[in-house]
Amino acid sequence: MSGGSSTTVRWRGALITMCAQWGLEALTDEPLSRHCTWRIGGPADVLIEPTSWAQLAALLRYAEENGIPAVAIGKGSNLLFDDCGVRGVVIVIGRHLARLEIDGSTIQAEAGISASRLARTAGLAGLAGLEHIVGIPGTLGGLVVMNGGSLRKAIGNAIVRVQTINRRGEQRILRGDECEFAYRRSRFQQEDAIITEVTLKLAAGDKAQVLPQMREILRERRRRFPMTLPSCGSVFKGDVELLRRFGPPGAVIESLGFKGTRIGDAVVSSLHANFIVNVGAAHARDVLELVRLIRRRAFDRLGHTMTCEAKYVAPNARVRPLDEAL
Ligand SMILES: Cc1cc2nc3c(=O)[nH]c(=O)nc-3n(C[C@H](O)[C@H](O)[C@H](O)COP(=O)(O)OP(=O)(O)OC[C@H]3O[C@@H](n4cnc5c(N)ncnc54)[C@H](O)[C@@H]3O)c2cc1C
């Protein structure tokens, strides 16, 4: 058992009781490797997947009032959990909080919906603008936090409103232009707010065009990315300076000679060098060491400091870019 102190035992017991009243299971000492696409990470003291926003608000309030570290995640497709896991509570915003409504060209969706389902539903309704998110293995909430997307597009462009809840359980609504969207950035990376619902405005399109475009994007993703091994997608950011002076991060890492470099079971993919794949039982420390080596060589040879898109979750539940965890 990871969280053995009497304080931990007490609050775990309280959370288990609270969840039981809702008919939910609070998982204890739950391996976080089961909740992220890298398949890496030690146990969480407690992991809970709420089925209503009222439950989420109550959990957040309880954690806040009792000083319990807490982090909300989606599918963990952009996260590296520490080998020691999280000494606190991990809250999964997933398939139970994934309702969606379409009204003309406006979509209102809960944060737990998967990016692919959202894209396909929009396409089937003849709405264009979300083709680029098909195949991204995250939730809408995670995508908004990361301002993710592909093909030089980002979800932020389609967002008109984001609804959040803070650690005291208070709700807030932000307009799209208040979300401070920039390349793989949003204000939600600095704030403790949990995203609950998102309103998107799309363009009227033709499903006979939109759906084949999505299929083509998926084909291209399968061709270019190592999809069969656990990873978190692109590890490093393609920041403006890097792109202008040296090219995209995958090409830069390849040119630095890292394709196939292995530490433990963490390997720089030989298909796409901006992916670090887990070929067995990789540890977070193996991935972090690869990141450190790549950054050091990039700095020594190119004079450029590479930064990471992927995030590290520390044992105290704080989330920060991988390069800030070194
Ligand atoms: C094979 C592969 C391919 C990928 N391709 C792409 C790509 O093409 N483009 C791209 O942008 N990304 C890509 N990614 C990365 C990842 O899928 C995206 O960043 C995705 O948007 C993360 O969503 P998630 O639900 O998994 O979030 P998580 O990884 O669970 O969390 C990411 C961050 O968001 C926070 N968070 C999650 N949900 C909420 C919420 N409801 N409220 C508040 N905070 C929340 C977490 O605390 C964390 O800080 C890829 C990943 C993989 C594994």
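Residues numbered from 1 in each chain as written. Predicted model: local features only at pLDDT ≥ 70, side-chain atom pairs only at ≥ 80, totals over all residues. Heavy atoms only, no water.

What follows concerns the pattern of salt bridges. Under the defined criterion, the tally for this structure stands at 19 salt bridges. Taking the shortest distance from any N to any O, the salt bridge between Arg87 and Asp45 comes out at 3.0 Å. Residue Arg87 is located in strand E5 (residues 86-92), and its partner Asp45 is located in strand E2 (residues 43-48); the two are separated by 42 residues in the primary sequence. For Arg87, a relative accessible area of 28% gives the class partly exposed. Notably, a salt bridge pairs Arg99 with Glu110, separated by 3.1 Å at the nearest N-O pair. Placement of Arg99 in the loop between E5 and strand E6 (100-103) and of Glu110 in strand E7 (residues 106-110) is noted, with a sequence separation of 11 residues between them. We classify Glu110 as buried; its relative accessible area is 5%. Salt bridges sharing common partners tie together Arg167, Asp192 and Arg318. (Salt bridge = Lys/Arg side-chain N within 4 Å of Asp/Glu carboxyl O. Helix = DSSP H or I, 4+ residues; strand = E, 2+ residues; numbered from the N terminus. Buried < 20%, exposed > 50% of the residue type's maximum accessible area, 1.4 Å probe, protein only.)

Tracing the sequence through the fold places Ser116 in helix H3 (residues 115-124). Ignoring any residue separated from it by four or fewer positions in sequence, one finds Ser116 in contact with Ile133, Val134, Gly135 and Ile136. (Contact = heavy atoms within 4.5 Å.)

What follows deals with the site of the ligand. In the neighbourhood of the ligand, 32 residues make up the surrounding shell, with Ala72, Gly74, Ser77, Thr139 and Gly149 lying closest. A distance of 2.6 Å separates an oxygen atom of the ligand from a polar atom in the side chain of Ser77. The contact in question runs from a nitrogen atom of the ligand to an N or O atom on the backbone of Gly149, over 2.7 Å. Protein chains bury 93% of the 970 Å² of accessible surface belonging to the ligand in isolation. Where the shell around the ligand is concerned, the elements lending two or more residues are strand E3 (70-73), helix H4 (140-146) and strand E11 (194-201). Examining the composition of the shell around the ligand, we find that five residues originate from one element, H4, more than from any other. Residue composition of the shell around the ligand, by class: 15 nonpolar, 14 polar and three charged. Viewed by domain, the shell around the ligand spans two of them, domain 1 (6-95) and domain 2 (97-223), each represented by three or more residues. (Near = heavy atom within 4 Å. Polar contact = N/O pair within 3.5 Å; in protein donor to acceptor, adjacent residues only side chain to side chain. Areas by Shrake-Rupley, 256 points an atom, 1.4 Å probe, with all protein chains shown as cover. Nonpolar A, V, L, I, M, F, W, Y, C, P; charged D, E, K, R; others polar. Domains from an automatic or database assignment.)

Attention now moves to the domain arrangement of the chain. Taken domain by domain, the chain consists of domain 1 (6-95), domain 2 (97-223) and domain 3 (234-309). Overall, the association of domain 1 and domain 3 removes approximately 690 Å² of surface from exposure, summing both partners, and the carbon and sulfur fraction of that is 57%. Joining domain 1 to domain 3, the criterion identifies one salt bridge. Residues Asp83 and Arg285 are paired through a salt bridge, measuring 3.7 Å at the closest nitrogen-oxygen approach. In terms of residue class, the side of domain 1 that touches domain 3 is built from four nonpolar, one polar and three charged. (Buried area = accessible area lost by both parts, 1.4 Å probe.)

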